[in-house]
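# A look at the structure
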Amino acid sequence: MAIQRTFIMLKPGVLQRRIVGEIVSRFERKGLKIIAMKIMIIPPVLAATHYAEHKGKSFYDELISYIISAPVAAMVLEGEDVIQLVRRMCGHTAVCESLPGTIRGDYCLHTNRNIVHSSDSPESASREIKLFFQPNEIVSWDDGNSAFF
Ligand code: CMP
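Cut-offs and rules
Residues numbered from 1 in each chain as written. Predicted model: local features only at pLDDT ≥ 70, side-chain atom pairs only at ≥ 80, totals over all residues. Heavy atoms only, no water. Near = heavy atom within 4 Å. Polar contact = N/O pair within 3.5 Å; in protein donor to acceptor, adjacent residues only side chain to side chain. Areas by Shrake-Rupley, 256 points an atom, 1.4 Å probe, with all protein chains shown as cover. Nonpolar A, V, L, I, M, F, W, Y, C, P; charged D, E, K, R; others polar. Helix = DSSP H or I, 4+ residues; strand = E, 2+ residues; numbered from the N terminus. Contact = heavy atoms within 4.5 Å. Buried < 20%, exposed > 50% of the residue type's maximum accessible area, 1.4 Å probe, protein only. Pairing = 2+ DSSP bridges. Axes fitted to C-alpha atoms, helices over the stretch in contact; angles between N-to-C directions. Core = buried A, V, L, I, M, F, W, Y, C linked by side-chain atoms within 4.5 Å. Parallel < 35°, antiparallel > 145°, perpendicular 65-115°, else oblique. Left-handed = near helix turned anticlockwise from the far one by under 90°.

Turning to the site of the ligand, a few remarks are in order. Around the ligand, the structure places Lys11, Tyr51, His54, Phe59, Leu63, Thr93, Arg104, Thr111, Asn112, Asn114 and His117. For the ligand, an oxygen atom lies 3.0 Å from a polar atom in the side chain of Asn114. Contact between the ligand and His117: an oxygen atom at 3.2 Å from a side-chain N or O atom of the residue. The protein chains hide 78% of the 450 Å² of surface that the ligand would expose on its own. Grouping the constituent residues of the shell around the ligand by class yields three nonpolar, six polar and two charged.

Put into structure tokens, the structure is as follows:
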């Protein structure tokens, strides 16, 4: 068990459907700590850097145009083994594989509108957190309730 940080992005449809609170509350109820959070419109260059590994794939152009089309909510969560845990809470990337009870399983129908992005490894988390947040935007705080989760 290790305390980790992970990057989460609630994609444009989440704000437009007014369900930011519902999604964020899943992470809070689990006991994860929000240590950074902001609403932003992603500049095209940042979108291309963030999704560089997908450049050339069939879904890339649509992915970039969607992600820059409207504001997103970007967050950093902290907790024990949070990277894998949050991936499991989000559900499978392909929406038809994502199980009920997961965020994607409960809230979306199309893989290219799969509502949420979360880092897939410690290396990705570190890279993505640095891309989206300045160090002074991350607030680490003591959790007196951690023993209760
Ligand atoms: P995300 O976790 O943001 O990472 C890449 C995104 O590309 C993914 O979620 C989906 O929104 C989108 N995407 C669309 N089609 C595919 C696909 N076939 N495989 C993986 N990702 C896809």
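So that's the structure; there's more coming.
Once that is clear, we can look at the side chain of His117. Its place among the elements puts His117 in strand 4 (residues 116-118). At 3.2 Å, the side chain of His117 forms a polar contact with the side chain of Glu128. Not counting chain neighbours up to four residues away, the residues in contact with His117 comprise Phe7, Ile8, Met9, Lys11, His50, Tyr51, Arg104 and Glu128.

Glycine aside, the phi torsion of most residues is negative, and most peptide linkages are trans. Of note in this structure, Arg18 is not a glycine but carries a positive phi near 60°. Turning to its location among the elements, Arg18 is positioned in the loop between helix 1 (12-16) and helix 2 (20-30). The exposed category is assigned to Arg18, whose relative accessible area is 70%. One non-glycine residue with positive phi stands out, namely Asp81, at about 50°. You can see Asp81 is positioned in the loop between strand 3 (72-80) and helix 5 (82-90).

Pairing within the open sheet is antiparallel, and its four strands lie in the order 2-3-1-4. One side of each edge strand has no neighbouring strand; the edge strands of this open sheet are strand 2 (33-40) and strand 4. Taking the axes of each pair of neighbouring strands and ignoring which way they run, one obtains an average angle of 20° across the sheet. Across eight bridges, the pairing between strand 1 (residues 3-10) and strand 3 is antiparallel. The residue bridging Arg5 from the neighbouring strand is Glu78, located in strand 3. Packing against the sheet, helix 2 makes contact with strand 1, strand 2 and strand 3, and its axis sits at approximately 170° to strand 1.

All right, on to the nonpolar core then. Judged by nonpolar contacts, the single largest core of 24 residues is most densely connected at Leu10, Phe27 and Ile115. Sorting the residues of this core by element identifies strand 1, helix 2, strand 3, helix 5 and helix 6 (103-107) as the ones contributing at least two each. If one sorts the elements of this core by residue count, helix 5 sits on top with five residues. Apart from the residues within four sequence positions on either side, Phe27 is in contact with Ile8, Leu32, Met75, Leu77, Val86, Met89 and Ile103. Ranked by size, the runner-up nonpolar core spans 20 residues in total, among them Tyr60, Ile129, Phe132 and Ile138.

On a regular strand, each side chain points to the face opposite its neighbour's, so the side chains alternate between the two faces of the sheet. A large share of strand 3 lies buried, amounting to eight of its nine residues. Relative to strand 3, strand 2 runs antiparallel, the two being bridged by seven bridges. Within the sheet, the bridge partner assigned to Ala36 lies in strand 3 and is Val76.

A separate point is the packing of helix 2 against helix 5. Axes are the key here: two packed helices are described by the angle between their axes and the distance separating the axes. Orientation of helix 2 relative to helix 5, taken along the N-to-C sense of each, is 135°, at an axis distance of 12 Å. Between helix 2 and helix 5, the angle is such that the two are oblique. Both helix 2 and helix 5 take part in a crossing whose hand is right-handed. Where helix 2 abuts helix 5, its residues Arg26, Phe27 and Lys30 lie against Leu85, Val86 and Met89. Looking at the contact of helix 2 with helix 5, its residues break down into four nonpolar, no polar and two charged.

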